[in-house]
Amino acid sequence: MTSVSNNPADTDKTGDLSAQVVMQPNGRPRPLSPHLQTWRWHVTMTASILFRITIGAASVAAIILVGWLAALAFGPDAYAGVLAFAASPFGLFIGFGLTVVLFSFLLNGARHLINDLGQGLTLKPANLMSNIAVWGPIPLAVLFWVLLFATGRVSL
Amino acid sequence: MSGAARFHKGVKISERHGAGEWKTEKLALAALMPLGLWVLSSVFTLTGAGYAGVMAWFGSWLNAGLAIVTALVFFGFATLAWKVIIEDYIHKPGTSRVLMAVLNVVCLLLAAASVFFIVRLALGSAPLPAGLGF
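In this text, all values refer to a predicted model and were calculated from it rather than measured experimentally. Residue numbers run consecutively from 1 along every chain, following the written order of its sequence. Chain letters start at A and ligand numbers start at 1, both assigned in the order the entries are written. Local features in this predicted model are restricted to residues whose pLDDT is 70 or higher, and side-chain atom pairs enter the listing and the counts only when it is 80 or higher, whereas totals over whole chains, interfaces and linings include all residues.

1. A few points about the overall build of chain A
- The helix and strand tally for chain A stands at six helices and two strands.
- Residue burial in chain A is summarised as follows: out of 156 residues, 21% are buried.
- Here contacts are defined at the residue level, using C-beta atoms placed from the backbone and a cut-off of 7 Å between them. Partitioning the contacts of chain A with sequence separation of at least 6, the portion at a separation of at least 24 is 57%. Only DSSP runs of H or I with at least four residues qualify as helices, and only runs of E with at least two residues qualify as strands; both kinds are numbered from the N terminus onward. Exposure is read from a count of other C-beta atoms within 10 Å of each residue's own; the residue is exposed at 12 or fewer, buried at 20 or more and partly exposed in between. C-beta atoms are placed from the backbone.

Written as structure tokens, this is what we have:
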């Protein structure tokens, strides 16, 4: 790869195609893909990027869950410390965040699997599934916590 | 990014089997969908259950077994998913190789720790560290 310019004007003057084409190892030319800034924003892009962020957040969530298992394995005193933290405002904030991550993983993961099967790639379903994956986790997490409070599992 | 790329008649060898890892990742993600719903319902059950309630829950081998399966599938999925992210954004072969090694070790340790803790909870073992036997 020599140049990474995506501007067609760069190539018009000289006839140099290096800005539009990349040579494959087998010697054949392949068109160079335009990068993010070239495209008009679309919700499918947000959903795609959010899934990567969600996987990162889910990894952090998994580490927190392993810590929770460890606290249980270390006995009632250690677990009491975890529960005291979980009941604090910051603990509840973390707890809410964890449920947002779980809903995001489920909704965006389902969207990704459906798209991987070659389904829902036309404009309407792709937009619908992306919007559900991007916005769905927040109201679902709020509903989940409303139910937790309503059933008395969590109280302030 | 593992080792030098090999070619057959000018075509990269991995082009013939490169989808294997992708398929594994997708199968793991598919398995995580029902497991994730189970985690969601478990979180609802266990919130506010207290130490005794959670220990009783882990006393069921169905719960403990599903927890172990979830941990193994998730950390397997996380290994592959992070590998793709490293491949996409880290272009220095040395850095990439080091990060992959760290990733594999961390995921393996987390999976092993999960299984260790869950088995102890399911067996109702004495609290650590006294329960280790020394």
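2. Comments concerning the overall build of chain B
- Counting its secondary structure elements, chain B contains four helices and two strands.
- Walking chain B from its N terminus toward its C terminus, one meets helices and strands in the order β-β-α-α-α-α.
- With C-alpha atoms as the basis for the radius of gyration, the globule rule is written as 2.2 Å multiplied by the number of residues raised to the power 0.38. Its C-alpha atoms give chain B a radius of gyration of 20 Å, clearly above 14 Å, the size a compact globule of 134 residues would have.
- Taken along the three principal axes of its C-alpha coordinates, chain B extends 65 × 35 × 20 Å.
- Counting all 134 residues of chain B, 17% fall into the buried class.
- Put simply, of all contacts in chain B between residues at least 6 apart along the chain, 72% involve residues at least 24 apart.

3. Quick word on the interface of chain A and chain B
- With 28 residues of chain A in contact, the opposing surface of chain B contributes 32 residues.
- Sorting the residues of the side of chain A that touches chain B by element identifies α2 (43-73), α3 (76-87) and α4 (89-116) of chain A as the ones contributing at least two each.
- Sort the elements by how many residues they give to the side of chain A that touches chain B and α2(A) lands first, with 10 residues.
- Class assignment of the residues belonging to the side of chain A that touches chain B gives a composition of 19 nonpolar, six polar and three charged. Put simply, Ala, Val, Leu, Ile, Met, Phe, Trp, Tyr, Cys and Pro go in the nonpolar bin, Asp, Glu, Lys and Arg in the charged bin, and everything else, Gly too, in the polar bin.

4. Concerning the domain arrangement of chain A
- Domain limits in this description derive from either an automatic procedure or a database domain assignment. Assigned domains of chain A: these are domain 1 (9-38) and domain 2 (43-150).
- For domain 1 of chain A versus domain 2 of chain A, the distance between C-alpha centres works out to 40 Å.

5. Points about the nonpolar core
- Among the nonpolar cores identified, the biggest contains 42 residues, and A:A62, B:F74, B:F75, B:F77 and B:A78 are the most heavily contacted of them.
- Elements supplying a minimum of two residues to this core: α2, α4 and α5 (123-135) of chain A together with α1 (19-46), α3 (61-89) and α4 (93-123) of chain B.
- In terms of residue count, the dominant contributor to this core is α2(A) (11 residues).
- Contact partners of B:F77, with chain neighbours within four places excluded, come to B:E25, B:A28, B:L29 and B:L32. When buried Ala, Val, Leu, Ile, Met, Phe, Trp, Tyr and Cys residues are joined through C-beta atoms within 7 Å, the set is termed a nonpolar core.

6. Thoughts on α4(B)
- Each residue after the first adds 1.5 Å to the expected span of a helix. Here α4(B) contains 31 residues, and its C-alpha end-to-end distance of 45 Å stays within 8% of the 45 Å for a straight helix at 1.5 Å per residue.
- Among the residues making up α4(B), those that are buried are B:C107, B:L110, B:A111, B:S114, B:F117, B:I118, B:R120 and B:L121.
- On its buried face, α4(B) is in contact with α2 of chain A together with α2 (50-58) and α3 of chain B.
- The first or second residue beyond α4(B) is B:G124, which carries a positive phi of 65°.

7. What to know about the packing of α4(A) against α5(A)
Residues and elements named next belong to chain A.
- Between N-to-C directions, angles cover 0 to 180 degrees, with each direction set by a line fitted to C-alpha atoms, over the stretch in contact for helices. Running from N to C, α4 and α5 point in directions that differ by 155°, and their axes come no closer than 8 Å. One finds that α4 runs roughly antiparallel with respect to α5. Classified by chirality, the crossing of α5 by α4 is left-handed. Across the interface between the two elements, L107, N108, R111 and I114 from α4 touch M129, S130, I132 and A133 from α5. To sort the angles, those under 35 degrees are grouped as roughly parallel, those over 145 as roughly antiparallel, those from 65 to 115 as roughly perpendicular, and the leftovers as oblique. Crossings are sorted by hand: turned counterclockwise from the far helix by less than a right angle, the near helix makes the crossing left-handed, and turned clockwise it makes it right-handed.

8. Quick look at the confidence of the model for chain B
- Per residue, pLDDT captures the predictor's confidence, and it can take any value from 0 to 100. This prediction gives chain B a mean pLDDT of 90; 92% of its residues lie at or above 70.
- Model confidence for the complex: the whole-complex pTM is 0.83, and ipTM, which rates the interface, is 0.86.

9. A few points about the packing of α2(A) against α3(A)
All names here are of chain A.
- One can describe the packing of α2 onto α3 by two numbers: an axis separation of 6 Å at closest approach and a directional angle of 140°. It follows from the interaxial angle that α2 and α3 lie oblique. For the pair α2 and α3, contact is made by W68, A71 and L72 and by A78, Y79 and V82, respectively.
- Taken together, the residues of the contact of α2 with α3 break down into six nonpolar, no polar and no charged.

10. Some words on unusual backbone geometry
- Cis peptide bonds are those with omega within 30 degrees of zero, and the linkage from B:L128 to B:P129 qualifies with -5°.
- When you line up the elements, B:P129 lands in the segment after α4.

11. Describing the environment of B:G10
- Within the secondary structure, B:G10 sits in the loop between β1 (7-8) and β2 (11-12).
- Ignoring anything within four residues of it in the chain, the contact list for B:G10 reads A:N26 and A:G27.

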